[in-house]
Amino acid sequence: MKHPDCEQQLKSWFNETEKSEWKNINDLKSEYPAASILKNNRIVYNIKGNNYRLIVKFNFEYQLCWIRFIGTHAAYDKIDANTI
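Now for a look at the structure at hand.

1. With respect to the nonpolar core
Of all hydrophobic cores here, the largest spans 16 residues; its most connected members are Leu28, Ile43, Tyr45 and Phe58. Residue assignment for this core shows that the elements contributing at least two residues are helix H1 (7-19), helix H2 (25-31), strand S2 (42-47) and strand S3 (52-59). When residues in this core are grouped by element, the largest group, four residues, is from S3. Beyond its immediate chain neighbours, meaning those up to four positions away, leucine 28 contacts Trp22, Ala35, Ile43, Tyr45, Phe58 and Phe60. By size, the runner-up hydrophobic cluster in this structure holds five residues, among which are Val44, Ile55, Phe69 and Ala81.

Below, the structure written as structure tokens:
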């Protein structure tokens, strides 16, 4: 893993997301109120005290999730979270 100091937090997020049955953004926000909602069902999570960012895209109908970006906050500031 490229960022081993956030590995445990990412594993926790993965395990929680894998078990989830979110039907829409509101369901997700009820569990992750600090998550930022972007267009096209993209979500930005703050990981490890906001030192890292995780961007995912959800398909709630099929219960699928694609990881689009994992990186430091500084690296996140250099990308377009809506298109990555």
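This is not the end of the story, as more comes after the structure.
2. Overview of the pairing of strand S4 (residues 64-72)
Across a regular strand the side chains alternate sides, sitting on one face of the sheet and then on the other. By the bridge criterion, eight bridges tie S3 to S4 in an arrangement that is antiparallel. Paired with isoleucine 55 across the two strands is phenylalanine 69, which belongs to S4. Hairpin remark: S3 followed by S4, antiparallel, with four residues in the connecting loop; positive phi at glutamine 63, about 55 degrees.

What counts and what doesn't
- Residues numbered from 1 in each chain as written.
- Predicted model: local features only at pLDDT ≥ 70, side-chain atom pairs only at ≥ 80, totals over all residues.
- Heavy atoms only, no water.
- Core = buried A, V, L, I, M, F, W, Y, C linked by side-chain atoms within 4.5 Å.
- Buried < 20%, exposed > 50% of the residue type's maximum accessible area, 1.4 Å probe, protein only.
- Helix = DSSP H or I, 4+ residues; strand = E, 2+ residues; numbered from the N terminus.
- Contact = heavy atoms within 4.5 Å.
- Pairing = 2+ DSSP bridges.

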